[in-house]
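Fold and contact review
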Amino acid sequence: MNENTQPPNRIWRTSGGDNTRGGLFADTTEHSADAVQSVTLQAGVQSPVVVDSKGNRYVADMAGVIHSLNPDNRPRWKQPVDGGVSAAPAVHPHDNLVFIGTHTGWMYALDTESGRPVWKKLIPSQWDERILSDILLLPDLNAVVLNSWGGRFYALDAHSGEEISQWSAGISPYASAAADMNEQVYCVRADDEGWHDPKNGVRCFSVDPKTGNEEILIFVPENSKPNLSVRRIQVAASPVIDQQRGMVYFIVNLDVESTLYAYSFQEKKSLWDKTFSRHLVATPGLLSDGSIVIADMHGTVHVLHPDGTRRFQYPTGTDYCLSGPICDQANNIFLGDPEGNVHWIDSDGVGRIVMTAERAIQCRPSFDPQGRVLIPSMDKTLYVL
Amino acid sequence: MSTHRHTIPICPGTTFSRREFLRRSIAAAAAAPTVSSSILSHAAETESVSIPRKLTVVDICKRYDYAEIRRVLSVLLDELGDVRSLVKNKFVTVKTNLVNTSKETIGGLPLWFGVTVHPKVALALGSLFVDYGAKRVTYCDQLPFVPIGPESFEGYGFNFDEFSHTMDHKVRFINTRNRGEHKDYALVKVPNPELATAWEVNQEYVKTDVLVSLCKLKSHVSGGVTMGMKNLFGVPPSSMYGDDLKDEPDENATGYRGYTMHECSKKPLTSVTTFNDRSVLNDHGFNVPRFIVDLNAAFPVELVVIDGISVIQSAEGWWNGSMVSVTRPGLLIAGRNPVCTDAVGAAIMGFNPDAADRTHPFANGINHLSLARKKGLGENRIQNLEVGGIGLEKARYEYVPTYQRINT
């Protein structure tokens, strides 16, 4: 077990708080709509903020500048990288390293004290080099896991960038990998083996990052209609692991719908599934009791009990949700919407808008160690609630 | 910023209205029964000729709320300064950006949230034109459906009754996939052509006083970016340029123009030869940008309005599959010169509108904005352009770039 995947923690070194991507903070939090701090950045941000053990923040913007701020949100350093960034960085829990993947296919390890590159690596790709999915760090293996639109996942040595293993990421991968406490990695990919090939479809699988050996957990074949082939499938939401209950949640987009699968480690099968009427692109979140929080492309937040039954729904009032929620131990839910609104939803499903940014919020918020909510926006501002 | 008179086209001794310009272009094209492929000219840098530089304005509009859209557009158009006089007592044609079918979605999300112009933006714009005194507003596009009237627009969210009521019945919808109710097509010569020496089109695009390009704020795999200029790709009719043609023009055709204007594996079935032999087979990045410029040279756009509220990034349509993702710039943009306005749009998306050919965002082809500038159609270098409203820096909203195609 490592501190990146044990039960909820305070140090959010990666998107969703830890490698499970559950988005659940270690404590209850208190917030006030009147106490919002704004930090001006250089460009819009579509990447969640990550934090180190000292509370320093790392923000990657779409113009390709990495900003580090101290716990009081004052600037520490800025470091340009090659290409814009929409993938969440990841911070090493033991070493002073923060890992960045860019739109031009570069993977960086930056020194957290100075911002200077320790190493950088161009991820090979024949034609599409983008790294769009959040970085995953495996401290025990000392590996950083990413995927590229060149169609591969890579596990790289965290200190050197040398390749440890690789495996298929399928086509157009947006979804990041997740990992359990044993550093078994979980992924979703869309496979296109050729026109009408029966092997076409979406695979939810686990993989040993040391070897790249996979175990397929769920396979959903593509629709037989040509216009709804696997090439139309968005693979956007990351798997989410509920370590405590031994579950992993996968979102599979197919046709014009989406299905959430609840896969049990113990029973080695999906216990239930629920279908939504449009693709889902936001990674779900978890509440402290195991309820699952899904933000859909109708602009509605659904909360399901661990058995898949409906707990409540909350309409954000916007056309669609592009980013997922985070939650605290009191089951307060926070998420941003594409109109710049930040919603705070309580455990009974009563919610309100606590602040509004000038432009869209297109990434998942984060918590800092004190429980403050960090929300970057495309208006070049980091908001601290 | 200095303003320049539009220099394309000029005939000695007079300045033409749009109708007069197009009448003469049509006459010139008709007078040459075979437009020879020997009429070739490479784009020459025309720095010695004044390049039009027109103001572009941009403002935030977060929601598809009709009242808010209309309010923001009215402020933008007033800031441009001369739109009221442009349309007063005029017939206005609005070329909409509705792409090739309304029957698809982006993962279940309706097309108008990502690919096509939202009907509320079109309605707000049309209602403003009517308020400004326009005689009539005609929405046009080549749509892949049989009806040539408003029925073809319904799948894109355009409700004729709503438009008619709001616009005091001064509205038409024309599917320009063929000649429609006109007896003939219009043959319009291209000055200083790249690939097309003339265009044969539905007369709605010439029998009008003002041509407006209403489009989305998107990038494009072959063209780099697609906004006011690329929107004119929908002008050539299916009946002569369509993919579903056999050996003869066909008034029943509804196909897109992939073979004739992307791959260039077929010539259009126009009444005279209108394409020269300079296209490159299967090189979309060579062909598409050049046709964009040829269209804009032939059909001067006098106002571009860009729906940048909710769009897709990384590519231009549902046919790009899982590559595209929805993004929300929350902007409306307007300008009086399509090259200038598209250049500002490209900069807002985080791109360099004067980027070198075969570099991002024009990763798969040539930069049609630069080519248009070299032909004197308008300025594309951002440092030479004035941006009003909230300004460029505040409007900037970086997109995830497109991919680099492998040509086989």
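In the block above lies the structure referred to throughout.
The written sequence of each chain sets the order in which its residues are numbered from 1. Written order decides the labels, with chains lettered from A and ligands numbered from 1. Thresholds applied to this predicted model are a pLDDT of at least 70 for local features of residues and 80 or more for the giving and counting of side-chain atom pairs; totals over whole chains, interfaces and linings are not thresholded and use all residues. In computing side-chain properties, one takes all heavy atoms of the structure into account and sets aside hydrogens as well as water.

**Re the packing of aromatic side chains**
Each pair of aromatic rings is reported with the distance of its centres and the angle of its planes. Ring geometry is summarised as follows: Phe, Tyr and Trp rings, the Trp one being its six-membered ring, pair when their centres sit within 6.5 Å, and such pairs are stacked at plane angles under 30 degrees, edge-to-face over 60 and tilted between the two. Throughout the structure, instances matching the rule amount to 30 aromatic pairs over all chains. Ring plane angle 50° and centroid distance 6.4 Å describe the contact between W106 of chain A and Y108 of chain A, whose orientation is recorded as tilted. One exposure class covers both W106 of chain A and Y108 of chain A, and it is buried. On the numbers, 4.8 Å between centres and 35° between planes, the contact of F275 of chain B with F291 of chain B is tilted. The buried label applies to any residue whose accessible area, calculated with a 1.4 Å probe on protein chains only, is under 20% of its type's maximum; exposed applies above 50%, and partly exposed to all values in between.

**Concerning the pairing of strand β13 (residues 331–335) of chain B**
All names here are of chain B. Helix numbering and strand numbering both begin at the N terminus, where a helix is a DSSP run of H or I of at least 4 residues and a strand a DSSP run of E of at least 2. β13 sits mainly inside the fold: five of its five residues count as buried. Every second residue of β13 is oriented toward a common face, with L331, I333 and G335 on one face and L332 and A334 on the other, all of them buried. Both strand β1 (residues 56–60) and β13 contribute to a ladder of five bridges, which runs antiparallel. Bridged to T56 within β13 is G335. Here the rule is simple: two strands pair whenever DSSP picks up at least two bridges between them. The sheet contact formed by strand β10 (residues 303–308) and β13 spans five bridges and is antiparallel. If you follow D307 over to β13, its bridge partner there is L332.

**Topic: the environment of S279 of chain B**
All names here are of chain B. For S279, the position within the fold is in the loop between α7 (258–263) and α8 (284–298). The class of S279 is partly exposed, set by a relative accessible area of 22%. Each C-alpha atom, one on S279 and one on C264, is 6.5 Å from the other, the two residues being 15 residues apart in sequence. Throughout, a residue-residue contact means that at least one pair of heavy atoms, one from each residue, lies within 4.5 Å. Setting aside residues up to four positions removed in sequence, S279 forms contacts with L195, C264, F286 and N287.

**So, empty space enclosed by the protein**
All names here are of chain A. Site definitions follow a grid-based scheme: protein atoms alone, a 1 Å grid, a 1.4 Å probe that fits but cannot get out for cavities, and for pockets an open set with protein on both sides within 12 Å along at least five of seven lines, plus lining residues having an atom within 4 Å of a point. Grid points are joined across faces, edges and corners, and a volume is the space filled by probe spheres set on the points. This structure, assessed with the given rule, holds seven cavities of 30 Å³ or more. Reported here for the largest cavity is a volume of approximately 560 Å³. Lining the largest cavity are 29 residues, with Y174, A236, V281, L322 and Q362 sitting closest to its centre. Per-class residue counts for the lining of the largest cavity are 13 nonpolar, 13 polar and three charged. The classification used treats Ala, Val, Leu, Ile, Met, Phe, Trp, Tyr, Cys and Pro as nonpolar, Asp, Glu, Lys and Arg as charged, and all other residues, Gly among them, as polar.

**Regarding the interface of chain B and chain A**
Across the boundary between the two partners, chain B contributes 39 residues, which contact 42 residues of chain A. Buried surface area refers to the total accessible area, computed with a probe of radius 1.4 Å, that the two partners give up upon joining, counted for both partners together. Contact between chain B and chain A buries roughly 3200 Å² in total, counting both sides, with carbon and sulfur atoms accounting for 47%. Salt bridges, as used here, are contacts in which a Lys or Arg side-chain nitrogen is within 4 Å of a carboxyl oxygen on Asp or Glu. Between chain B and chain A we count six salt bridges in total. With a shortest N-O distance of 3.8 Å, E393 of chain B and K380 of chain A are connected by a salt bridge. Those elements that place two or more of their residues in the side of chain B that touches chain A are β12 (325–327) and α11 (392–395) of chain B. Of the residues belonging to the side of chain B that touches chain A, the class tally is 18 nonpolar, 13 polar and eight charged.

This is a description of form; function is not addressed.
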